[in-house]
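# Results of the structural survey
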Amino acid sequence: MFGILIALLSGALMSIQGVFNTQVTKQTGLWVSTGWVQLSAFAVCIAAWLFTGRSSVSALLEVSPKYMLLGGVIGAFITVTVIQSMSALGPARSVMLIVISQLIIAYVIELLGMFGVDKQPLEWRKVIGMAVSIAGIIIFKW
C-alpha cells in the first residue's frame, strides 16, 4: 500500500512540477528554467543528505556500470521535454502521453532484462492493458 501511495504522490508531483516549470520557462527561457530546476533539486538533496545521514559520496566511484551515473543528465532532458510537451499540448494530454511512454519503455526494459533488471516473460494481459491505455488517450484527444 505504501508503494502505491508513493507512486500516486510521485505522479501528482510530476504533473505539478511540469506546470510550474512551463510557467517559469515562459518568463525566463528553456535552459534557464531547466538549470534552476536541477540546481534547486541539488540544493534540496544536499540539505537532505546533511540532515538524514551521510552516505559516502565516494561510493559513486564504485558504481558499475558507469553509465548508470547518467541519471542526472537524463533528468535534465526529462525536464526540458516535459516543459516543451506541456507548452505544446497542455498538461493533461502531455502527461497522458508521458505516462504511456513510461509504461511501454519500462515494460520493454523488463521484457529484455535491460540495465540489470530481471528479465520477465511476455504477458498478453499487460500488452492489452497498454493498448487500452493508448485507446484511452485517443478517446481523450477527440
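So, here's what we can say about the structure. (Residues numbered from 1 in each chain as written. Predicted model: local features only at pLDDT ≥ 70, side-chain atom pairs only at ≥ 80, totals over all residues. Heavy atoms only, no water.)

## Concerning the environment of I139
Operational definition: Numbering of helices and strands starts at the N terminus; helices are DSSP runs of H or I of at least 4 residues and strands are runs of E of at least 2. Buried, partly exposed and exposed residues are distinguished by accessible area as a fraction of the type maximum, computed with a 1.4 Å probe on protein chains only: under 20%, between the cut-offs, and over 50%, respectively.
By secondary structure assignment, the location of I139 is in helix α5 (residues 124-141). Given the relative accessible area of 63%, I139 is considered exposed.

## Things to note about the environment of S85
For the record, the criterion: Whether two residues touch is decided by their heavy atoms; if any such pair falls within 4.5 Å, the residues are in contact. Each polar contact in these results corresponds to two N or O atoms within 3.5 Å; when the atoms are within protein, one needs to be able to donate a hydrogen and the other to accept it, and residues that are neighboring in sequence are counted only if both atoms are side-chain atoms.
For S85, the location among the structural elements is in helix α3 (residues 71-89). The exposure class of S85 is buried, given its relative accessible area of 18%. Each C-alpha atom, one on S85 and one on D118, is 32 Å from the other, the two residues being 33 residues apart in sequence. If sequence neighbours within four positions are ignored, S85 has contacts with G90, S94 and I98. Here the side chain of S85 touches V82 through a polar contact of 3.1 Å, landing on its backbone oxygen.

## Some remarks on the pattern of salt bridges
Applied cut-off: For this document, the term salt bridge refers to a Lys or Arg side-chain nitrogen within 4 Å of an Asp or Glu carboxyl oxygen.
Using the criterion set out here, one finds two salt bridges in the structure. For E123, the salt bridge is made with R125, and the minimal N-O distance between the two is 2.9 Å. Since its relative accessible area comes to 60%, R125 is described here as exposed. The salt bridge involving E123 is made with K126; its shortest N-O contact spans 3.7 Å. By relative accessible area, which is 23% here, E123 ends up partly exposed. Residue classification places K126 among the partly exposed residues on the basis of a relative accessible area of 29%. What you see here is one network of salt bridges that share partners, running through E123, R125 and K126.

## What to know about the packing of helix α2 (residues 30-52) against α3
This is how the line gets drawn: Angles here are taken between N-to-C directions and fall from 0 to 180 degrees, while the axes themselves are lines fitted to C-alpha atoms, restricted in helices to the stretch in contact. Any angle that is under 35 degrees is reported as roughly parallel, and any over 145 degrees as roughly antiparallel; angles of 65 to 115 degrees are reported as roughly perpendicular and all others as oblique. In a left-handed crossing the near helix is turned counterclockwise from the far helix by less than a right angle, and in a right-handed crossing that turn is clockwise. Three classes are used, and their members are as follows: Ala, Val, Leu, Ile, Met, Phe, Trp, Tyr, Cys and Pro are nonpolar, Asp, Glu, Lys and Arg are charged, and the others, Gly among them, are polar.
For the pair α2 and α3, the least separation of the axes is 10 Å and the interaxial angle reads 130 degrees. Considered as vectors, α2 and α3 are oriented oblique to each other. The handedness of the crossing between α2 and α3 is right-handed. Packed against α2, whose contacting residues are L30, W31, S33, T34, V37 and Q38, the element α3 presents G72, G75, A76, F77, T79, V80, I83 and Q84 at the interface. Per-class residue counts for the contact of α2 with α3 are seven nonpolar, seven polar and no charged.

## Quick word on unusual backbone geometry
A cis geometry characterises the amide bond from S64 onward to P65, with omega recorded as -10 degrees. Mapped onto the secondary structure, P65 falls in the loop between α2 and α3.

## A short note on the packing of helix α1 (residues 2-28) against α3
How two helices sit against one another is set out by the angle between their axes and by the gap between those axes. Where α1 contacts α3, the axes come no closer than 9 Å and their chain directions differ by 80 degrees. Judged by the inter-axis angle, α1 sits roughly perpendicular to α3. Taking contact as the criterion, the partners of S15, G18, V19, N21, T22 and T25 in α1 are, on α3, T79, V82, I83, M86 and S87.

## Considering α2
To keep things clear, this is the line we draw: Expected helix span is given by 1.5 Å per residue-to-residue step, counting one fewer step than there are residues.
The end-to-end C-alpha distance of α2 is 33 Å, a good match for the 33 Å that 23 residues give at a rise of 1.5 Å each. Of the residues making up α2, those classed as buried are S33, T34 and V37. Buried residues along α2 sit against α1 and α3.

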